[in-house]
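Chain and residue survey
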Amino acid sequence: MKDRINELKERFASELSAVSDQKSLEDLRLAFLSKKGKVSELMQELAKIPNEQKKEAGQLINTFKQEISARFDAKMEEIRKMEEERLIGSTESYDESLPQKIKRGSYHPITLVQRELEDIFESMGFDVEDYSEIVDDYHCFEALNIPPFHPARDMQDTYYLTTPNQLLKSHTSAAQNAIMHKYGPLLKEKGRPIRAVFPGRCFRNEAIDACHENTFFQMEGIMIDKNISISNLIYFMKTMLSEVFERDVTVRLRPGFFPFVEPGFELDIQCLICGGDGCPSCKNSGWLELCPCGMIHPNVLKYGGINTEENPYEYTGFAFGLGLTRLAMMKYGVKDIRTFNEGDLNALSQFVSK
Ligand code: PHE
């Protein structure tokens, strides 16, 4: 048995020194250490030798097995290093000053759409505002005419934080009240209409699929002045959407319920793919639901410090809540909403602004 092991040791050593890549190392490992390998053969022979020699022979085989396993590991490490060096070039020959092929970063498609919209609205005299993602119950609901325990809260499955009275903003409307307070004095003292858009990330507990995400972007807009009417709303929305889609779009309003607008609407655009004839993209209806909107509810204007109890209709205004994520999907033909949050650079780096 001893001779047999010594003979195998020599054979192993000479074969190992000839190995120079991972594949042949693996072949050699199988030849020695697999179920049908040399070490297993030795174990079978062990069964046949006289009992009194078994112990010593068994130990020899075990030592042999451990020895070759260790040498395999060492060789594997050596080959890995060699291959690594071959890939990156050895440190000595590395020249930092040589031009590198570096892939340029790119903007996220939602950022692109957001910036484009900001430009369009700014050109129409709107201010662009930022607002926090963690808000309190008053701003997200009560100031928007949604009292505690009102069933309208069920429309948005909201993430409440463990800190009392704090939640993740479920819609960008949560900023309306603060913006009214910020620009209200200018409106009343200087007659400067309030025109503001405020994009932001929103959170709702949604079951995630190709059309739903728990984290998405909206862009809210409000305009408040004397004599603002639904025609102003339609004009701004039409102008903005025609700019975004770079062609004339046809819109229509359907009644929609939101406690903070009265009347409230769903604004649809005529399907850009079939032109209104009906196709799979618009579920054969010819229209796509794009933007809830409406005339700001008198209570909301009152909470925002715009109108007073005595003169509740002095100023009027419209509000809209554009789904930025939705718009980015339509504009770029992205079929699965999850693409935006998955961080797959191949998918995300294809988009360029115009
Ligand atoms: N905040 C509403 C939502 O996210 C949308 C909306 C905004 C509706 C403004 C009307 C006016 O569901």
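Residues numbered from 1 in each chain as written. Predicted model: local features only at pLDDT ≥ 70, side-chain atom pairs only at ≥ 80, totals over all residues. Heavy atoms only, no water.

The full count for this structure, using the stated rule, is 10 aromatic pairs. Seen in terms of ring centroids, Phe12 and Phe32 are 5.2 Å apart; in terms of plane orientation they differ by 70 degrees. Their pairing is edge-to-face. Here Phe12 is found in helix α1 (residues 2-18), whereas its partner Phe32 is found in helix α2 (residues 22-33), with 20 residues between them in sequence. Note on accessibility: Phe12 and Phe32 belong to one class, buried. Positioned above the aromatic ring of Tyr107 is the side chain of Arg115, whose terminal nitrogen or guanidinium carbon lies 4.5 Å from the ring centre. (Phe/Tyr/Trp six-rings, centres within 6.5 Å; stacked < 30°, edge-to-face > 60°. Helix = DSSP H or I, 4+ residues; strand = E, 2+ residues; numbered from the N terminus. Buried < 20%, exposed > 50% of the residue type's maximum accessible area, 1.4 Å probe, protein only. Lys NZ or Arg CZ within 6 Å of the ring centre and 35° of its normal.)

Moving on, we get to the nonpolar core. Formed by 45 residues in total, the largest nonpolar core has its most connected members in Leu117, Phe121, Met240, Leu241, Phe320, Leu322 and Leu327. Breaking this core down by element, the ones donating at least two residues are α5 (109-123), β5 (215-225), α8 (230-245), β7 (261-270), β8 (287-296), β9 (316-323) and α10 (324-332). Top element by residues in this core is α8. It accounts for 7 residues. Apart from the residues within four sequence positions on either side, Leu327 is in contact with Val113, Leu117, Leu241, Val244, Phe245, Leu290 and Leu322. Of all hydrophobic cores here, the second largest spans 27 residues; its members include Phe141, Ile179, Phe258 and Ile306. (Core = buried A, V, L, I, M, F, W, Y, C linked by side-chain atoms within 4.5 Å. Contact = heavy atoms within 4.5 Å.)

Another aspect to go through is the environment of Ala178. Topologically, Ala178 is positioned in helix α7 (residues 176-190). For Ala178, a relative accessible area of 27% corresponds to the partly exposed category. In the structure, Ala178 is positioned 49 residues away from Asn227 in sequence and 22 Å away in space, judged by C-alpha atoms. With residues near it in sequence (within four places) discarded, Ala178 still touches Tyr131 and His139.

The environment of the ligand is made up of 14 residues, and the closest members are His171, Ser173, Arg204, Gln218 and Gly321. At a separation of 2.8 Å, a nitrogen atom of the ligand approaches a polar side-chain atom of Ser173. Contacts to the ligand include Gln218, whose side-chain N or O atom sits 2.9 Å from an oxygen atom. With the chains in place, 94% of the 330 Å² that the ligand exposes on its own is no longer accessible. Among the secondary structure elements, those contributing two or more residues to the shell around the ligand are β5, β8 and β9. (Near = heavy atom within 4 Å. Polar contact = N/O pair within 3.5 Å; in protein donor to acceptor, adjacent residues only side chain to side chain. Areas by Shrake-Rupley, 256 points an atom, 1.4 Å probe, with all protein chains shown as cover.)

Here the structure, examined in full by the defined rule, presents 0 disulfides. The thiol of Cys274 is unpaired, and the distance to the nearest cysteine sulfur, on Cys271, comes to 3.6 Å. (Disulfide = S-S within 2.5 Å.)

What follows deals with α10. Buried within α10 are the following residues: Leu324, Thr325, Leu327, Ala328 and Met329. The inward-facing, buried residues of α10 abut α5, β4 (194-203), β5, α8, β8 and β9. Once α10 ends, the next one or two residues include Gly333, with phi positive near 65 degrees.

Attention now moves to the pattern of salt bridges. Applying the stated rule across the entire model yields 22 salt bridges. One salt bridge connects Lys182 with Glu129, and the closest N-O pair in it is separated by 2.9 Å. Residue Lys182 is located in helix α7, and its partner Glu129 is located in the loop between β1 (127-128) and β2 (134-136); the two are separated by 53 residues in the primary sequence. (Salt bridge = Lys/Arg side-chain N within 4 Å of Asp/Glu carboxyl O.)

Partitioning the protein chain into structural domains gives domain 1 (2-89) and domain 2 (109-348). Each of domain 1 and domain 2 has a C-alpha centre, and the two are 69 Å apart. (Domains from an automatic or database assignment.)

With that out of the way, let us pick up the sheet that holds β7. With respect to topology, 7 strands assemble into an open sheet ordered β1-β4-β5-β9-β8-β7-β6, the strand pairing being mixed. Both edges of this open sheet fall to β1 and β6 (251-255), since each of them pairs with a single strand only. Across 5 bridges, the pairing between β6 and β7 is antiparallel. In the strand pairing of β7, Val251 is matched with Ile269. Sitting on the sheet, α5 touches β1, β4, β5 and β9, and the angle it makes with β5 is about 5 degrees. (Pairing = 2+ DSSP bridges. Axes fitted to C-alpha atoms, helices over the stretch in contact; angles between N-to-C directions.)

Before going further, it helps to examine the packing of helix α3 (residues 38-48) against helix α4 (residues 51-88). Close contact between α3 and α4 brings their axes to 10 Å; oriented N to C, the two are set at 175 degrees. Relative to α4, the element α3 lies roughly antiparallel. In this structure, α3 uses Val39, Leu42, Met43, Leu46 and Ala47 to contact α4, whose residues at the interface are Lys54, Ala57, Gly58, Ile61, Phe64, Lys65 and Ile68. Classifying every residue of the contact of α3 with α4 gives 9 nonpolar, 1 polar and 2 charged. (Parallel < 35°, antiparallel > 145°, perpendicular 65-115°, else oblique. Nonpolar A, V, L, I, M, F, W, Y, C, P; charged D, E, K, R; others polar.)

Looking along a regular strand, one sees side chains alternate from face to face of the sheet. The buried count for β9 comes to 7 of 8 residues, which makes it a mostly enclosed element. Note: β5 against β9, 8 bridges, orientation antiparallel. Pairing of Gln218 across the sheet is with Gly323, part of β9.

With respect to the helices, strands and loops of the structure, Asp127 is situated in strand β1. Residue Asp127 is classed as buried on the basis of its relative accessible area of 19%. A distance of 3.2 Å separates polar atoms of two side chains, one belonging to Asp127 and the other to Arg192. Once residues within four sequence positions are removed from consideration, Asp127 is found in contact with Tyr183, Arg192, Arg195, Ala196 and Val197.

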